[in-house]
Structure formats: structure tokens, C-alpha cells
Amino acid sequence: MSSGSTIGINCPGLSCSQPSLSADGRYVAQVATFNRPPSRQRIEVRDWRTDTTETVAEFDHTVSARPSISGDGRFVAYQDGQAEDVFVWDRTDDTPSGPIEGPSKAATLVQLSKDGSKVVYLSGSDTYVHDESSGTDQLVPNVRGVAIDPTGRYLLYAPHDTNGPSLTLRDLETGTDEIVSNQLASAGTDAVSAGGRDVVFHSTADDIVPGDTNGKSDVFIRRFY
């Protein structure tokens, strides 16, 4: 049996929230809010190894910024929740790019893939997958994006049609779908493993697994291959 350790997020005089951790655990993107009650916020990246903090952006409001960091800590996607714009910050040149959705529509950030190649965002009733290298967007209409796998290929989404499946996994390269759950279910970011093999979700439905009749919320893993 082994024991772990806990490291607190250092925010002297501030309140920190909305953490997003890199794959190796070295970097954490977080939001620091100022004043009581809070009236402004700063998005920052903390490097545990060097004990340093870099500022990504600052806003004079506290609408959720939802930072999402890549696996190597190089990229951070975040939103200006008040302006409804999504940006991507590159640590190598300390510059942001965006709004990635363009000036003509409002957007809400879902997640940056761990390899930093794709950004999932919502706009209206649709989901878009933004390719960082080409600057192009792939439209997945009339669905709510929930998560993307670490490689940026597989999108977990929830259809707006309540008569169909509650969670579906799409292969963005082939356009094919796999049903994750036909029963009422939900999931969070980082719910899809690399290559779309496994999806973690939770549900209170009793007929997902035979014999489950307790009526309580349970956690499930759907494996496709």
C-alpha cells in the first residue's frame, strides 16, 4: 500500500478555483479572483516544479473563464464569459489567439484536447471543434459537446433530442457515431480515454446494468473495443 501527498494551490490574498491539471501534474491552470465580493479575475498557470506562476489573461468581471490546459502545459484555452469569446494561449511565445470562433458569434468553451490540437466550443444549439493547426472549425450541428479525447479525434456529445440516446461518441475523422448510453446519463470533461476506447459517465437509470435497482447515481465505463 502506498500513500500520496496533497499540494495546496497557493493564492495568497486571493481565491482560486476552476483548476485544470496537465497530464504530468506539473502545471495547473486556475482562476484567481480579487476583492470581496470578487469583482475581477486572473487566469494563471502554476508550475509546481519551478514554483512560478504565469498570468494568461485578466478580466474586470468574474463570469466563468473555464480554463483548460494541454497535457504538456504549453497551451491554455479559456473564455471571456462576459464577451462570450474563446481564446487559446501559447506559453512558448506568451501570446493569445482568438477569438477562435470569429467576431460574428458567441461561444462557450467546453475543452481543449490534451495534445493541444483541438478546442471544443458551443455556439447557439451547435458544437464546433476548432483545429489549432489549420484554424478551421468542424461543425457538429444540434448537439451539446461534452468532452473530447486526448488525441482530439473523438467527441462525446449529448443530442438535444430527448427521445434519442443521452450520450453519443463521434469519430470526427470518419463521422461515425457510437451510442454510449440510451438511458438518461451525464459526463464531464476528460470523460473519454485516448483513442475513444473508454467513456466514463454516471446515471441513475436502473436498467443500464442488470440487477441494479437501487435508484441511486452510479458511475459506469463504456468500452468500445
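Residues numbered from 1 in each chain as written. Predicted model: local features only at pLDDT ≥ 70, side-chain atom pairs only at ≥ 80, totals over all residues. Heavy atoms only, no water.

Enquirer: Can you help me understand the overall build of the protein in this one?
Expert: Counting its regular elements, the protein contains zero helices and 18 strands. Counting only residues that meet the buried cut, the protein has 44% of its 225 residues in that class. Relative to all contacts within the protein whose residues are 6 or more apart in sequence, the contacts with residues 24 or more apart total 31%. Split by element, the accessible area of the protein, about 11600 Å² in all, is 48% carbon and sulfur. (Helix = DSSP H or I, 4+ residues; strand = E, 2+ residues; numbered from the N terminus. Buried < 20%, exposed > 50% of the residue type's maximum accessible area, 1.4 Å probe, protein only. Contact = heavy atoms within 4.5 Å. Areas by Shrake-Rupley, 256 points an atom, 1.4 Å probe, with all protein chains shown as cover.)

Enquirer: What is the right way to look at a nonpolar patch on the surface in this model?
Expert: Residues Val 200, Val 219 and Ile 221 make up a contiguous nonpolar surface patch of about 290 Å² in total accessible area. Residue classification places Val 219 among the exposed residues on the basis of a relative accessible area of 64%. (Patch = residues over 30% accessible without salt bridge, like charges linked within 9 Å, V, L, I, M, F, W, Y side chains within 5 Å. Salt bridge = Lys/Arg side-chain N within 4 Å of Asp/Glu carboxyl O.)

Enquirer: Sorry if this is basic, but what is going on with the sheet that holds strand 15 (residues 167-171) here?
Expert: Through backbone hydrogen bonds, the strands of a sheet pair up, either in parallel or in antiparallel fashion. On the basis of which strands lie adjacent, the open sheet formed by four strands has the order 13-14-15-16 and antiparallel pairing. Here the strands that pair on one side only, and so sit at the sheet edges, are strand 13 (143-148) and strand 16 (177-181). Strand-to-strand twist across the sheet, computed as the mean angle between neighbouring axes with direction ignored, equals 30°. Judged from the four bridges that link them, strand 14 (residues 154-159) and strand 15 form a sheet pairing that is antiparallel. Its bridge partner being in strand 15, Leu 155 is matched across the sheet by Arg 170. (Pairing = 2+ DSSP bridges. Axes fitted to C-alpha atoms, helices over the stretch in contact; angles between N-to-C directions.)

Enquirer: Would you mind going over the pattern of salt bridges with me for this structure?
Expert: Two side chains carrying opposite charge are able to pair once their charged atoms lie near each other. Across all of its chains, the model carries ten salt bridges by this definition. In this structure, Glu 44 and Arg 42 form a salt bridge, with 2.9 Å as the shortest nitrogen-oxygen distance. Residue Glu 44 is classed as buried on the basis of its relative accessible area, which comes to 4%. Put simply, Asp 177 and Arg 170 hold a salt bridge, and the shortest N to O gap is 2.8 Å. Judged by its relative accessible area of 36%, Asp 177 falls in the partly exposed class. Within the structure, one salt-bridge network assembled from shared partners comprises Arg 153, Asp 171 and Glu 173.

Enquirer: How do you make sense of the side chain of Asp 126 when you look at a structure like this?
Expert: Position of Asp 126 among the secondary structure elements: in strand 11 (residues 126-131). This buried residue, Asp 126, is left without a salt bridge; Lys 105 holds the nearest opposite charge, at 7.5 Å. (Lys, Arg positive; Asp, Glu negative; His and termini not counted.)

Enquirer: Looking at this structure, how should I read the pairing of strand 7 (residues 85-90)?
Expert: In summary, the side chains of a regular strand alternate between the two faces of the sheet. Counting buried residues along strand 7, six of its six residues qualify, which places the element largely inside the surrounding structure. Of the two faces of strand 7, the one lined by Asp 85, Phe 87 and Trp 89 and the one lined by Val 86, Val 88 and Asp 90 are each fully buried. Where strand 6 (residues 75-80) folds back on strand 7, the antiparallel hairpin that results is connected by four residues, among which Glu 84 adopts a positive phi of roughly 60°. As judged from the three bridges shared by strand 7 and strand 8 (residues 95-97), these two strands associate in the antiparallel manner. Bridge pairing in strand 8 links Trp 89 to Pro 96. The turn joining strand 7 and strand 8, which pair antiparallel and follow one another in sequence, is formed by four residues; a positive phi near 55° is taken by Asp 94.

Enquirer: Would you mind going over the packing of aromatic side chains with me for this structure?
Expert: The relative placement of two aromatic rings is captured by the distance of their centres and the angle of their planes. Tallied over the full model, the rule gives four aromatic pairs. A ring pair is formed by Phe 59 and Tyr 78, whose centres lie 6.3 Å apart and whose planes are at 50°; its orientation type is tilted. In this pair, Phe 59 is assigned in strand 4 (residues 52-59) and Tyr 78 in strand 6, connecting sequence segments 19 residues apart. For Phe 59, a relative accessible area of 12% translates into the label buried. (Phe/Tyr/Trp six-rings, centres within 6.5 Å; stacked < 30°, edge-to-face > 60°.)

Taken by themselves, the reported measurements are silent on function.
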